Amino acid sequence: MRANIRLDLDHSLGEIDPRLFSGFLEHMGRAVYEGIYDPGSPLSDANGFRTDVGAALRTLGMPYVRYPGGNFVSNYDWRDGIGPPEDRPVRPDFAWRSIEPNTFGVDEFVRWCRWLNAEPMMAVNLGTLGPREAAELVEYCNLPGGTQWSDARRQHGNHEPHHIDLWCLGNEMDGPWQAGHCTAEAYAAKAQQAARLMKGIDPSIELVACGSSGRSMPTYLEWDRVVLEACWEDVEYISAHRYSRNTEDDSAWFLAEGVEIDRILDDYAGLIAYVRGVKKSDKRVSVAFDEWNVWYKNRQTDGGWSHAPHLIEEVYNLEDALVCAQFLNSFLRHADVVKIACIAQIVNVIAPILTSPDGILIQSIYYPLQLFSQHARGVSLTPVVDGPTYTAGARGEVPVVDVSASYDPASGVVSLFLVNRSLSQNIDVQVSFGARRATPNPTSTVLTGNDPKAHNTWEQPDVVKPAPGSASVGAEGLVHVRAPSLGLTVVHVPLEGEGK
Ligand code: AHR
């Protein structure tokens, strides 16, 4: 099979926000305890931070990490997690029926973020707590001192403010499973009040309102409309969530998941434009896709009132990684709409990294994130693709190649991200750059295999991992690349005469 891709460097969607490669860490299962934080482990430093996990996360270059939930946050009192650890209360966690010792709280999280070279994205409880406690957390984190909560932070050894600039107004408040679930109108009123108090304390912060928790929700988009209309002037972002599933074990259908992700982002683009139009506003609100991943195989969410239980430790295979690549492709193709995205989650719980007392296992879904965060730089281009289609079950005819592209004016490099959805057919792709020409040294990396269910194990940790691909330059400076079936191909093309 063959495909032609045309890229026009003068036709871009604008800057790719590096925050698209952020992550999400929840107090759930072994994400925090035994995941990133394991005091006493020979693999941890003096703060109890797992250094092997830290190194693997650092390679992903995550700019922000969202915390502490998720469903956990909606019945969490941040005040339980501050002060001398021995004085902190042990609580039952409503969301995951687990025991929360509170030995890791906001100060430990901020210290861990800075150690990782990431910024904290802090969610507040708008389920069982309210605007006042949310504003007090901003006071605790961001005021220099001289008030009750900022002085408490200083007494706890954190002299300088934490300077947290990105905050989530609750989590999935449209979901009946959520502590404090309510109507869109009730949430919007609470979120608006919280936003005004929080920004009253620190006007520099940015806020994410809860959007729908998924496209299958009966209130999908209508919830978002009500929230956006009420909170338009108070927030900078509306959240979107999606967990993709292959419950029918239909790989051809599952591998066309990018169609669905595009659709969600198109829905939000339309809704945001609508509210903006109705309000005759010049303001921009963007999407924070602050939970995304594949999740359907492991549904163990009941901790049985134990501490750090093994919850939803999903095993990820090749086709899951290719779906993750399509999330990222879609984010790049909607770079004007989506500014923040967090893979959910980062360690042990539906995660690219699993831990044992002796080390870590890198799962297949780690690699798309690594390749995109390393190569997607500058502006997002709009690839024009002329290629074959296939029948993806109920999704109908879908392009075989799913594509996004970036161009970094500083280095003069184009990066191309190609998912070949075919289970068996390689595709020879020719890429042209309008009036520009490729230099003779493009490189490519592939993540591929013959079996969609192939996955890494503790015994065989390198079954699914990137390998060098083949890319060359032909006449007129066009790039030729083979995109293997069931594969992600990332092509890195320095252009002639471009870059500074
Ligand atoms: O990531 C697991 C859970 O999925 C989160 O706690 C919740 O927000 C979502 O439903």
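Given the structure is predicted, the values throughout are model-derived calculations rather than measurements.

**Student:** If you had to explain the sheet that holds strand β16 (residues 384-386) to someone new, which residues and values would you point to?
**Tutor:** What holds strands together in a sheet is hydrogen bonding between their backbones, with the strands either parallel or antiparallel. Spatially, five strands are ordered β16-β1-β21-β25-β24 in an open sheet, and the strand pairing comes out mixed. Two strands bound the open sheet, and with one partner strand each, they are β16 and β24 (471-473). When strand polarity is set aside, the average angle formed by the axes of neighbouring strands in this sheet is 20°.

**Student:** How would you summarise the sheet that holds strand β7 (residues 119-124) if you had to cite specific residues and measurements?
**Tutor:** With parallel pairing, the eight strands of this closed barrel are ordered in space as β3-β4-β7-β8-β9-β10-β11-β12. In this sheet, adjacent strand axes meet at a mean angle of 30° when their direction is disregarded. Two strands pair when backbone bridges link them, and strand β9 (residues 206-209) and strand β10 (residues 237-244) are joined in this way by two bridges, in the parallel orientation. Residue alanine 209 lies in a different strand from β10, and its bridge partner there is isoleucine 238. Along the sheet, helix α8 (residues 258-278) makes contact with β10, β11 (286-294) and β12 (338-344), crossing β10 at roughly 160°.

**Student:** Give a description of the domain arrangement of the chain that names residues and reports values.
**Tutor:** Annotation of the chain at the domain level lists domain 1 (2-10 + 380-494) and domain 2 (17-375). When each unit is reduced to the centre of its C-alpha atoms, the spacing between domain 1 and domain 2 is 30 Å. Facing 36 residues of domain 1, the contacting portion of domain 2 comprises 40 residues. Between domain 1 and domain 2, a total of about 3100 Å² is buried, with carbon and sulfur atoms accounting for 65% of that surface. When residues of domain 1 are sorted by the area they lose upon contact with domain 2, Arg395, Lys453 and Trp458 head the list and together hold 23% of the total. Where domain 1 packs against domain 2, one counts four salt bridges. With a shortest N-O distance of 2.6 Å, glutamate 319 and lysine 453 are connected by a salt bridge.

**Student:** How would you sum up the side chain of asparagine 102? Please name residues and give values.
**Tutor:** Inspection of the secondary structure puts asparagine 102 in the loop between β6 (98-100) and α2 (106-116). According to the relative accessible area criterion, asparagine 102 is buried, its value standing at 1%. Separated by 2.8 Å, the side chain of asparagine 102 and the backbone oxygen of proline 89 make a polar contact. Leave out the neighbours within four places in its chain, and asparagine 102 touches Tyr33, Tyr76, Asp80, Gly81, Arg88, Pro89 and Arg91.

**Student:** I'd like a rundown of the pairing of strand β20 (residues 413-420), residues and numbers included.
**Tutor:** Here β20 lies mainly inside the structure; eight of its eight residues are buried. Where burial is concerned, the two faces of β20 agree: the one with Val413, Ser415, Phe417 and Val419 and the one with Val414, Leu416, Leu418 and Asn420 are both buried. Sheet analysis places strand β19 (residues 401-408) next to β20, joined by eight bridges and oriented antiparallel. Paired with tyrosine 407 across the bridge in β20 is valine 414. Two successive antiparallel strands, β19 and β20, enclose a turn made up of four residues, where glycine 412 displays a positive phi of approximately 70°. Sheet analysis places β20 next to strand β26 (residues 487-494), joined by eight bridges and oriented antiparallel. Its bridge partner lying in β26, valine 419 is registered against leucine 488.

**Student:** Provide a residue-level description of the packing of helix α1 (residues 51-60) against helix α10 (residues 366-375), including the pertinent values.
**Tutor:** Between α1 and α10, whose axes approach to 8 Å, the crossing angle comes to 50°. Taken together, the axes of α1 and α10 are oblique relative to one another. Along its contact with α1, which presents Ala56, Thr59 and Leu60, the element α10 presents Tyr366, Leu369, Gln370, Ser373 and Gln374. For the contact of α1 with α10, a count of residues per class yields four nonpolar, four polar and no charged.

Thresholds applied
Residues numbered from 1 in each chain as written. Predicted model: local features only at pLDDT ≥ 70, side-chain atom pairs only at ≥ 80, totals over all residues. Heavy atoms only, no water. Pairing = 2+ DSSP bridges. Helix = DSSP H or I, 4+ residues; strand = E, 2+ residues; numbered from the N terminus. Axes fitted to C-alpha atoms, helices over the stretch in contact; angles between N-to-C directions. Contact = heavy atoms within 4.5 Å. Domains from an automatic or database assignment. Buried area = accessible area lost by both parts, 1.4 Å probe. Salt bridge = Lys/Arg side-chain N within 4 Å of Asp/Glu carboxyl O. Buried < 20%, exposed > 50% of the residue type's maximum accessible area, 1.4 Å probe, protein only. Polar contact = N/O pair within 3.5 Å; in protein donor to acceptor, adjacent residues only side chain to side chain. Parallel < 35°, antiparallel > 145°, perpendicular 65-115°, else oblique. Nonpolar A, V, L, I, M, F, W, Y, C, P; charged D, E, K, R; others polar.

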